[in-house]
Amino acid sequence: MGLSKAKIKNISRDNGAEVDVLFNPTDYSITTNMNYAEINVPGLRVPLMQFVRGDAQVLAAELFLDRSTSGDSLKEDLDQLRQFVTIDEELHAPPVCSFKWGDVDEFRGVITNFQEKFLLFNEDGKVLRARVTLSMKSYHPAELQYQELNLQSPDRTKTRIVQEGERLDIIADQEYGDATLWTVIAEENGITRPRLIQAGDVLTIPPL
């Protein structure tokens, strides 16, 4: 069985270019961050933590390119990688890519940082050895995210802490995917004057 190579592929186009890296990276990292708001409630010793949103995941990897044994230039190899950070004429943006290696889930995103470091040249100035450091941010199409929001309507009762500036229609849109369902939340919580809800209020979010 041959060595499995890490692959980077253009998934913005059907039959998009796919590039095998010359040498698998020794490692790569995926970072996931979550944002929480601190809600100060009078009488409580510490603020309450309210989930706000997740950040895009970030993949960081360093690719090693070396053709010093054969003496061939790395220009073609570098050009293949550079296409993933080149503006596509039809998309008016660089393509969305996938990074896949081994049995780790495929990472889909856009390359936000691409750094080339040239390490070895021949007598004619051709690059024989280089390192490419890249960062990718995960990408999820808007239509898919909206579908996920609608599917995430709570199937059981939950509570939610009102944040500064929130209204019942905003909360209903986030919880149910439909702002007009604010009346469901208002009725469940006995709210007759919805404009008077305040940051720190604890609401019961009923299932639909």
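Described in the following lines is the structure provided in the data block. (Residues numbered from 1 in each chain as written. Predicted model: local features only at pLDDT ≥ 70, side-chain atom pairs only at ≥ 80, totals over all residues. Heavy atoms only, no water.)

### A word on a nonpolar patch on the surface
We apply this condition: The patches described consist of residues with a relative accessible area above 30% and no salt bridge, like charges being joined within 9 Å and nonpolar side chains (Val, Leu, Ile, Met, Phe, Trp, Tyr) within 5 Å. Here the open area of atoms and residues is found with the Shrake-Rupley method and a 1.4 Å probe, where only the protein chains shown may cover a residue. Just to be clear on terms, a salt bridge is a Lys or Arg side-chain nitrogen sitting within 4 Å of an Asp or Glu carboxyl oxygen. Helix and strand labels come from DSSP, where a helix needs a run of H or I of at least four residues and a strand needs a run of E of at least two; each type is numbered from the N terminus.
A cluster of nonpolar side chains, Met34, Tyr36, Met49 and Phe51, forms an exposed patch at the surface whose accessible area comes to about 430 Å². Within the secondary structure, tyrosine 36 is located in strand E4 (residues 34-39).

### A short note on the pattern of salt bridges
Applied cut-off: Burial classes: relative accessible area under 20% of the type maximum marks a residue as buried, over 50% as exposed, and values in between as partly exposed (1.4 Å probe, protein chains only).
Under the definition given, this model contains 14 salt bridges. Close ionic contact of glutamate 90 with arginine 13 constitutes a salt bridge, the shortest N to O distance being 3.6 Å. Of the two residues, glutamate 90 is situated in the loop between helix H1 (75-82) and strand E7 (97-100) and arginine 13 in the loop between strand E1 (7-10) and strand E2 (18-20); the sequence distance between them amounts to 77 residues. Among the residues examined, glutamate 90 registers a relative accessible area of 61% and is labelled exposed. The structure contains a network of salt bridges with shared partners spanning Lys75, Asp79, Arg82 and Glu116.

### Quick look at unusual backbone geometry
Phi is positive for asparagine 15, close to 55°, though the residue is something other than glycine. Positionally, asparagine 15 belongs in the loop between E1 and E2. Judged by its relative accessible area of 80%, asparagine 15 is exposed. Although it is not a glycine, histidine 92 sits at a positive phi angle of roughly 60°. Along the chain, the position of histidine 92 falls in the loop between H1 and E7. Among the residues examined, histidine 92 registers a relative accessible area of 65% and is labelled exposed.

### Regarding the packing of aromatic side chains
Defined as follows: Each Phe, Tyr or Trp ring (for Trp, its six-membered ring) is paired with any other whose centre lies within 6.5 Å, and the angle between the two planes then decides the class: stacked below 30 degrees, edge-to-face above 60, tilted in between.
Under the defined criterion, the tally for this structure stands at four aromatic pairs. Between phenylalanine 23 and phenylalanine 64, the ring centres sit 5.7 Å apart and the planes meet at 45°, which makes this aromatic pair tilted. Of this pair, phenylalanine 23 sits in the loop between E2 and strand E3 (28-31) while phenylalanine 64 sits in strand E6 (residues 58-66), and the two are 41 residues apart along the sequence. An angle of 35° between the planes, with centres 6.0 Å apart, marks the rings of tyrosine 28 and tryptophan 101 as tilted. Here tyrosine 28 is found in strand E3, whereas its partner tryptophan 101 is found in the loop between E7 and strand E8 (107-121), with 73 residues between them in sequence.

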